[in-house]
Amino acid sequence: MSASSPVPAGPDVVDPAPDAFVLPFNRLRPGFDPEQVPRFRDLAWRLALISPRESNRSLVIDWSRCPAGLRPGMMRAAFAELNIPTPAVLLQQRAARSTTQPGTLRHNFQIWIRFASWLDGRGITDLSQVTTNDLEAYVEYLRPLGRRWRTDAKALWVISRLWAYAPYLPESDRLVMPPWEDPAAVMSDFLGTNDDTPNGENSVAIVHPAVMAPLLVWALRTVLDLSPDILAAARKHRRLLAAIPARAPLGGAEAAVAHLRGLLAAGEKLPSSGAPGATAVRARYGGALPPMANTSWPAPSASPPPRSPAPAASCPTSSPRPASAPPHSSTFRSPPGSAPPGGESRSASTTWTFWCCTCPPPP
């Protein structure tokens, strides 16, 4: 194999017009919107449109991150990668597919953009200006980054794709053959000894059979015994979600406040949660919320209600409290208009006091 690029076979030199579609129509999903298909002039190419899975919605390559001088050449190479099958020179050397999947394409194009940024820092504005010494210097740039050997090797193989597609590109976009593609060379000549885990070997210790056996038993129980209840709960959950209106009804906040006041008037427990929303409620009220999940709403008073002495225990809120110190307590200031259990609505704010359950009662 010579130092030049492989002999071209197939289409003419790739030089698309600005309004040319970059994605092959035979790979587009059924029912696609032609207005969403990117054109060569666009800086954002949505590769998800050629993915058979509709869940892939974020496969976008942003060419604005590529240096302006090298951007046209990189975009032409990407156009060739999208519309021309993988060159035979790559299929012969390593396991490769004739058609590259969109997720892999996005990964490859991002490596090309990083490579172009490195070239731009060396004052290179065309791929044809890159020399073998430049490519060897790029290898030396990758090695100190501390990545896995295989990660750097794959990055260099992606750079090789630029060389493999060079015959289909204009003269200014043709990359010289990378030195690691020489038939007499191996990748370890450039990246050093491969210290990664050998192919097919586990990188971590296997799970002990004493641990795996009960996991498998419960996995089978989950599928065979518990799955009917799990599926029924999932269906009910979906029905509840479907019943939620798209917009909040008018007066919804007032209805929620009325419901909570009804619970307060009846002396019942209030719903609470440790979710982030509870933090938002505490912040709105400007103080700590009472322990609504564990106690009923107490009546306000200037002193704590009488109760039997608590068993000896250390206070969970701080270090052990001296006997002469007052018991720990927390307060919650209710908004005007709230009512204690069995009481009338108050026009002024009311402070509710909660005493630590492990502290002795105050004198």
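If you're wondering where the values come from, they're calculated on a predicted model, not measured in any experiment.

Criteria and cut-off values
Residues numbered from 1 in each chain as written. Predicted model: local features only at pLDDT ≥ 70, side-chain atom pairs only at ≥ 80, totals over all residues. Heavy atoms only, no water. Helix = DSSP H or I, 4+ residues; strand = E, 2+ residues; numbered from the N terminus. Buried < 20%, exposed > 50% of the residue type's maximum accessible area, 1.4 Å probe, protein only. Contact = heavy atoms within 4.5 Å. Core = buried A, V, L, I, M, F, W, Y, C linked by side-chain atoms within 4.5 Å. Axes fitted to C-alpha atoms, helices over the stretch in contact; angles between N-to-C directions. Parallel < 35°, antiparallel > 145°, perpendicular 65-115°, else oblique. Left-handed = near helix turned anticlockwise from the far one by under 90°. Nonpolar A, V, L, I, M, F, W, Y, C, P; charged D, E, K, R; others polar. Expected span 1.5 Å × (residues − 1). Salt bridge = Lys/Arg side-chain N within 4 Å of Asp/Glu carboxyl O.

K.L.:
Would you mind showing me how to read the environment of Ser117 here?
P.N.:
Considering the arrangement of structural elements, one finds Ser117 in helix H3 (residues 102–121). Residue class for Ser117 comes out partly exposed when judged on its relative accessible area of 35%. Separated by 51 residues in sequence, Ser117 and Cys66 have C-alpha atoms that sit 6.5 Å apart. For Ser117, the contacting residues outside a window of four places in its chain are Arg65 and Pro67.

K.L.:
Could you clarify how one ought to interpret the nonpolar core in this entry?
P.N.:
Inside soluble globular proteins, nonpolar side chains tend to come together where they are buried. The biggest cluster of nonpolar side chains holds 61 residues, and the ones touching the most others in it are Trp45 and Trp63. Breaking this core down by element, the ones donating at least two residues are helix H1 (71–83), helix H2 (88–93), H3, helix H4 (132–142), helix H5 (149–164) and helix H6 (188–191). Here Trp63 is in contact with Asp42, Leu43, Trp45, Arg71, Met74, Met75, Ala78, Phe109 and Ile113, once residues within four sequence places are set aside.

K.L.:
Help me understand the packing of H1 against H3 in this model?
P.N.:
Packed helix pairs are specified by the crossing angle of their axes together with the interaxial distance, meaning the distance between the axes. For the pair H1 and H3, the least separation of the axes is 11 Å and the interaxial angle reads 160°. In terms of orientation, H1 lies roughly antiparallel with respect to H3. In this structure, H1 meets H3 at a crossing whose hand is right-handed. When H1 is examined against H3, the residues Met74, Ala77, Ala78, Glu81 and Leu82 are found in contact with a partner set consisting of Leu105, Phe109, Trp112, Phe115 and Ala116. Here the contact of H1 with H3 is composed, by residue class, of 9 nonpolar, no polar and 1 charged.

K.L.:
Even after reading the chapter, I still don't get the side chain of Asp134, so can you show me in this structure?
P.N.:
In this structure, Asp134 sits in helix H4. On the accessibility criterion, Asp134 (10% relative accessible area) is buried.

K.L.:
Just checking my understanding: could you explain the packing of H4 against H5 for this structure?
P.N.:
Running from N to C, H4 and H5 cross one another at 155°; their axes reach a closest spacing of 11 Å. Taken together, H4 and H5 sit at an angle that is classed as roughly antiparallel. Note on packing geometry: the crossing formed by H4 with H5 is right-handed. Facing H4, whose interface residues are Tyr138, Val139 and Leu142, H5 presents Asp152, Leu156 and Ile159.

K.L.:
How should H1 be read in this particular structure?
P.N.:
Residues spaced three or four apart along an α-helix point in a common direction, a consequence of the helix completing one turn every 3.6 residues. The first and last C-alpha atoms of H1 sit 18 Å apart over 13 residues, in line with the 18 Å expected at 1.5 Å per residue. Most of H1 sits inside the fold, with 10 of its 13 residues counted as buried. Among the residues making up H1, those that are buried are Gly73, Met74, Met75, Arg76, Ala77, Ala78, Phe79, Ala80, Glu81 and Leu82. Contacts from the buried residues of H1 go to strand S1 (44–46), H3 and H5.

K.L.:
How do you make sense of the pattern of salt bridges when you look at a structure like this?
P.N.:
Tallied over the full model, the rule gives 6 salt bridges. Measuring nitrogen to oxygen at the nearest pair gives 3.0 Å for the salt bridge that ties Asp134 to Arg122. Here Arg122 lies in the loop between H3 and H4 and Asp134 lies in helix H4, a separation of 12 residues in the sequence. When its relative accessible area of 42% is taken as the criterion, Arg122 is described as partly exposed. Of the charged contacts in the structure, one is a salt bridge between Arg147 and Asp152, with a shortest N-O distance of 2.7 Å. Residue classification places Arg147 among the partly exposed positions, given a relative accessible area of 36%.

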